[in-house]
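# Secondary and tertiary structure notes
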Amino acid sequence: MSLNDTPKSDRIHIGIFGRRNAGKSSIINAITGQSLSIVSDIKGTTTDPVQKAMELLPLGPVMIIDTPGIDDIGELGEKRIEKSYQVLNKTDIALLVVDGNIGLQPEDNKIIEAFKEKKLPYIVILNKSDEVCQHYEVENAIWVSAKTNENIWELKEKISKLVPADNMTLKIIGDKLDPDDLVVLVVPIDKAAPKGRLILPQQQTIRDILEAGAVSVVTRDTELVKTLKSLGKKPKMVVTDSQAFGYVKTVVPDNILLTSFSILFARYKGDLEEAIKAVNTIDKLNNGDTVLIAEGCTHHRQCDDIGTVKIPKWLKAHSNKTINYEFCSGTEFPRDLSKYKAVIHCGGCTLNEKEMKHRVYVCKSQNVPITNYGIFIAYTQGILARSIEVFPEYSQKLNR
């Protein structure tokens, strides 16, 4: 992936919902101007949520998610409906497609209530306007025809006005930098590092620094000492891979801010305050307690994997307790967390903000503390206070 590409986690996620044969796939093809989804008269053509990253004018980069029909039937149909509702957890803008010949049905009204409950901006798309003689009024609705393209451009204009304002202002670290500030990024290159490229949070942080008018210098941990000596001025801060905290903290002087990519992402799309508050839960664990270690991506596990190997090892060394571990990755996240005493989550770089915040909400609503890889590692290394000095608004709360 190049620095010019927009990762899916930073795209506006547009979920397309509706009953079978309401015309969801036809609407997707109409608004994108491409044949992205299969159009068929057979009910239930879309059996699983399908994601497609694309540029959609006038919005820009978006992620279109086509979902199964919300009126599917049978045991398998119920599972498909559940999958459709799960998409709401990552949706920024919801579009409900309704067959204008039939009008709103109970399933439509039910999902509209779900939109409202989650405070999602939404549009009801009354499709097949070319077949309906008398157009009726529906809240938040627009009449269109996927067949003739009537009002398709108007629909895209309405969608663009629903883009959350936060998507235009979120920063990884840029809001803490001034033009010409110098930031050193420590990127260990080991067997777990992808060949020929940087991992996503490193790429995104570099881009964010550039947009702030600041300067980034990228170095391996093995060259960090020489890099710091060779710089013509003191860096504003050093950002490191969390796994290198133990070494980097001994090299970077105390008068230089030090944090990690994972901590930056805890603020960027998660809940940094909650992660800080929750991390001391690990001091209260007892023998036999179960901890969930969760990741947003599904990378190939290495022999010294951070989630399945290193974090359990560090937690064992810190707590001296025998803890049970369960692991989840990708889009799956348990709805029932009653068996867990704590959740330790990755930075969530592959998840969009909506989904990451949903996971935090699920934990908080069930009184299960959730912290972050970077916060956990900083805490066990005894440098949590230092690692969040870059964010004084959170650092002050830690000292209270």
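Let me begin by describing the structure that accompanies this report. (Residues numbered from 1 in each chain as written. Predicted model: local features only at pLDDT ≥ 70, side-chain atom pairs only at ≥ 80, totals over all residues. Heavy atoms only, no water.)

Right, let's talk about helix H11 (residues 306-319) for a bit. Along H11, the positions that sit buried rather than exposed are Ile306, Gly307, Lys310, Ile311, Pro312, Trp314, Leu315 and Ser319. Of the residues flanking the start of H11, the one acting as N-cap is Asp305, its side-chain oxygen 3.2 Å from the backbone nitrogen of Gly307. One or two steps after H11, the chain reaches Asn320, where phi turns positive at roughly 55 degrees. (Buried < 20%, exposed > 50% of the residue type's maximum accessible area, 1.4 Å probe, protein only. Helix = DSSP H or I, 4+ residues; strand = E, 2+ residues; numbered from the N terminus. Polar contact = N/O pair within 3.5 Å; in protein donor to acceptor, adjacent residues only side chain to side chain.)

Negative charge collects at one region of the surface, where Asp130, Glu131, Glu150 and Glu154 lie side by side. Along the chain, Asp130 falls in the loop between strand S5 (122-127) and strand S6 (141-143). On the basis of relative accessibility, which here comes to 36%, the residue Asp130 falls in the partly exposed class. (Patch = residues over 30% accessible without salt bridge, like charges linked within 9 Å, V, L, I, M, F, W, Y side chains within 5 Å. Areas by Shrake-Rupley, 256 points an atom, 1.4 Å probe, with all protein chains shown as cover. Salt bridge = Lys/Arg side-chain N within 4 Å of Asp/Glu carboxyl O. Lys, Arg positive; Asp, Glu negative; His and termini not counted. Charge placed at Lys NZ, Arg CZ, Asp CG, Glu CD.)

Next up on the list: the environment of Arg359. Position of Arg359 among the secondary structure elements: in helix H12 (residues 353-365). Sequence separation between Arg359 and Arg335 is 24 residues; the distance between their C-alpha atoms is 9.1 Å.

Turning our eyes to something else, we now look at helix H1 (residues 24-32). With eight of its nine residues buried, H1 lies for the most part within the structure. The set of residues buried in H1 consists of Lys24, Ser25, Ile27, Ile28, Asn29, Ala30, Ile31 and Thr32. On its buried side, H1 packs onto strand S1 (12-18), strand S2 (50-56), strand S3 (60-66), strand S4 (93-99), S5 and helix H4 (152-160). Where H1 ends, the next residue or the one after it, Gly33, has phi of about 70 degrees, a positive value. (Contact = heavy atoms within 4.5 Å.)

This paragraph deals with the sheet that holds strand S13 (residues 342-345). Spatially, four strands are ordered S12-S11-S13-S14 in an open sheet, and the strand pairing comes out parallel. Two strands in the sheet have a free side with no partner beyond their single neighbour: strand S12 (324-328) and strand S14 (370-372). Taking each pair of neighbouring strands and ignoring which way they run, the sheet shows an average axis angle of 25 degrees. Bridge analysis of strand S11 (residues 290-294) against S12 gives five bridges, and the strand direction is parallel. (Pairing = 2+ DSSP bridges. Axes fitted to C-alpha atoms, helices over the stretch in contact; angles between N-to-C directions.)

The subject of this paragraph is the pairing of S3. Here S3 lies mainly inside the structure; six of its seven residues are buried. Sheet topology places S1 next to S3; five bridges connect them, and they run parallel. Bridge pairing in S3 places Ile12 opposite Val62.

The pairing of strands in a sheet comes from backbone hydrogen bonds and takes either a parallel or an antiparallel form. What the four strands build is an open sheet, ordered S8-S7-S9-S10; its pairing is parallel. The open sheet has two free edges, formed respectively by strand S8 (215-219) and strand S10 (257-260), since each of these has just one partner strand. Across this sheet, the average inter-strand angle for adjacent strands is 20 degrees, counted without regard to direction. Where strand S7 (residues 182-186) meets S8, five bridges bridge the pair, whose relative direction is parallel. Counterpart to Leu185 in the pairing with S8 is Val218.

The next subject is unusual backbone geometry. Even without being glycine, Asn21 reaches a positive phi, approximately 65 degrees. Of note, Asn21 is situated in the loop between S1 and H1. One non-glycine residue, Asp180, lies in positive phi territory at about 75 degrees. Turning to its location among the elements, Asp180 is positioned in the loop between helix H5 (166-169) and S7.

Let us look at the packing of aromatic side chains. For the structure on display, the rule yields six aromatic pairs. For the ring pair Tyr136 and Trp143, a centre distance of 5.0 Å and an interplane angle of 80 degrees mean the geometry is edge-to-face. Owing to a relative accessible area of 10%, Trp143 belongs among the buried residues under this scheme. One aromatic cluster is present, formed by Phe17, Phe115 and Tyr122 through successive ring pairs. (Phe/Tyr/Trp six-rings, centres within 6.5 Å; stacked < 30°, edge-to-face > 60°.)

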